[in-house]
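Descriptive analysis of the structure
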Amino acid sequence: IAGITQAPTSQILAAGRRMTLRCTQDMRHNAMYWYRQDLGLGLRLIHYSNTAGTTGKGEVPDGYSVSRANTDDFPLTLASAVPSQTSVYFCASRKTAGGTEAFFGQGTRLTVV
Amino acid sequence: GQQVMQIPQYQHVQEGEDFTTYCNSSTTLSNIQWYKQRPGGHPVFLIQLVKSGEVKKQKRLTFQFGEAKKNSSLHITATQTTDVGTYFCAGPNGATNKLIFGTGTLLAVQP
């Protein structure tokens, strides 16, 4: 079934550790996004990529990095996790950078202790 | 930077009552999208509006895009328990097309 897959589903991580959240889509979408969702704050954009080989900063990029080596994969890395990065992380993709619907993964629930 | 705000943040209604959420952008939008997120789930696309003043309907849901293309609303007629969830509006940042989401409105429906 075509779609967007995130891994892991959930993770408890010690502060200071490095962590990569994985996101893979098989829809050949050009644009991909990482959001974090916190109660009362909605979905905030961390980083995005309009096409393979390019990335850009979103609303809350500090403490996170991304890469887009190919069309399908868009991993999100926390270099040194802090408790304030406890959140639910959603990866999304859409066919083009402008004007089309976004498809979301199931989310990764990350707890930093 | 671009901000997209929604009101109310939370709404509790009796089943059968109507519900409206409002979305306001600090900048003019080329289009606006609406998503629904069920409790414990992920956001799912509902609709996209493109034209100034555009109104679209999906069964009991009515979506409207403001004349100035800076605001939008979602109205649900006669809510049902299946309408429970968080409703988000989203719009593209004009310069980069990154997709910015509103703060969301959580709808609770009491049977």
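All of the points below concern the structure found in this document. (Residues numbered from 1 in each chain as written. Chains lettered and ligands numbered in written order. Predicted model: local features only at pLDDT ≥ 70, side-chain atom pairs only at ≥ 80, totals over all residues. Heavy atoms only, no water.)

**Remarks on the interface of chain B and chain A**
- At the interface, 20 residues of chain B touch 24 residues of chain A.
- Of the roughly 1,700 Å² buried at the junction of chain B and chain A (both faces included), carbon and sulfur atoms supply 53%.
- At the surface where chain B touches chain A, the tally comes to zero salt bridges.
- At the boundary of chain B with chain A, the tally comes to eight residue pairs in polar contact (both at pLDDT 80 or more).
- Contributions of two or more residues to the side of chain B that touches chain A are made by β4 (32-37), β5 (44-49), β9 (85-92) and β10 (99-101) of chain B.
- Here the residues of the side of chain B that touches chain A sort into eight nonpolar, eleven polar and one charged. (Contact = heavy atoms within 4.5 Å. Buried area = accessible area lost by both parts, 1.4 Å probe. Salt bridge = Lys/Arg side-chain N within 4 Å of Asp/Glu carboxyl O. Polar contact = N/O pair within 3.5 Å; in protein donor to acceptor, adjacent residues only side chain to side chain. Helix = DSSP H or I, 4+ residues; strand = E, 2+ residues; numbered from the N terminus. Nonpolar A, V, L, I, M, F, W, Y, C, P; charged D, E, K, R; others polar.)

**Considerations on the sheet that holds strand β6 (residues 55-58) of chain B**
Residues and elements named next belong to chain B.
- Taken in spatial order, the five strands of this open sheet run β1-β3-β8-β7-β6, and their pairing is antiparallel. In this open sheet, the two strands that pair with only one neighbour each are β1 (4-7) and β6. When strand polarity is set aside, the average angle formed by the axes of neighbouring strands in this sheet is 15°.
- Pairing analysis gives five bridges linking strand β7 (residues 61-65) to strand β8 (residues 71-76), with the strands arranged antiparallel. When the bridges of β8 are listed, phenylalanine 63 appears paired with leucine 74. (Pairing = 2+ DSSP bridges. Axes fitted to C-alpha atoms, helices over the stretch in contact; angles between N-to-C directions.)

**Description of the state of the cysteines**
Residues and elements named next belong to chain A.
- In total, this model carries two disulfides over all chains according to the counting rule given.
- For cysteine 23, the disulfide goes to cysteine 91, at an S-S distance of 1.9 Å. Disulfide cysteine 23-cysteine 91: torsion about the S-S bond near -75°, hence left-handed. Placement of the pair is cysteine 23 in strand β3 (residues 19-25) and cysteine 91 in strand β9 (residues 87-94), with a sequence separation of 68 residues. The same class applies to cysteine 23 and to cysteine 91, which are both buried. (Disulfide = S-S within 2.5 Å. Buried < 20%, exposed > 50% of the residue type's maximum accessible area, 1.4 Å probe, protein only.)

**Remarks on the environment of Arg109(A)**
Residues and elements named next belong to chain A.
- By secondary structure assignment, the location of arginine 109 is in strand β11 (residues 108-112).
- Of the residues examined, arginine 109 reaches a relative accessible area of 54% and is grouped as exposed.
- Taking the C-alpha atoms as reference points, arginine 109 and methionine 19, 90 residues apart in sequence, are found 13 Å from one another.
- Setting aside its immediate chain neighbours within four residues, arginine 109 contacts Thr9, Ser10, Gln11, Ser87 and Val88.

**A look at the layout of surface pockets**
- Its volume calculated, the largest pocket comes out at about 570 Å³.
- Forming the walls of the largest pocket are 27 residues, and the residues nearest its centre are Gln37(A), Leu39(A), Gln37(B), Gly40(B) and Thr86(B).
- The set of elements that each furnish at least two residues to the lining of the largest pocket consists of β4 (31-38), β9 and β11 of chain A together with β9 and β11 (105-110) of chain B.
- Sort the elements by how many residues they give to the lining of the largest pocket and β9(B) lands first, with three residues.
- Within the lining of the largest pocket, the residues separate by chemical class into eight nonpolar, 16 polar and three charged. (1 Å grid on protein atoms, 1.4 Å probe; cavity = no way out; pocket = protein on both sides within 12 Å on 5 of 7 lines; lining within 4 Å. Points joined across faces, edges and corners; volume = space filled by probe spheres on them.)

**Description of the pairing of β7(B)**
Residue and element names in this part refer to chain B.
- Only one face of β7 is covered, namely the one carrying Leu61, Phe63 and Phe65; the face carrying Thr62 and Gln64 has none of its residues buried.
- Two successive antiparallel strands, β6 and β7, enclose a turn made up of two residues, where lysine 59 displays a positive phi of approximately 55°.
- The turn linking β7 back onto β8 is made up of five residues, and lysine 69 within it adopts a positive phi angle of 60°.

**A word on the side chain of Ser87(A)**
Residues and elements named next belong to chain A.
- Along the chain, serine 87 turns up in strand β9.
- Of the polar contacts made by the side chain of serine 87, one reaches the backbone oxygen of glutamine 37; its length is 3.0 Å.
- Beyond its immediate sequence surroundings of up to four residues, serine 87 is in contact with Arg36, Gln37, Asp38, Thr108, Arg109 and Leu110.

**Observations regarding the sheet that holds β3(A)**
Residues and elements named next belong to chain A.
- Here four strands make up an open sheet; going across it, the order is β1-β3-β8-β7 and the pairing antiparallel. At either margin of the open sheet sits one strand with a lone partner, and together these are β1 (4-7) and β7 (64-66). Averaged over all pairs of adjacent strands, the angle between their axes in this sheet comes to 20°, without regard to strand direction.
- Sheet topology places β3 next to strand β8 (residues 76-78); three bridges connect them, and they run antiparallel. Across the sheet, methionine 19 pairs through a bridge with leucine 78, a residue of β8.

Function cannot be read off these values alone, since they describe shape.
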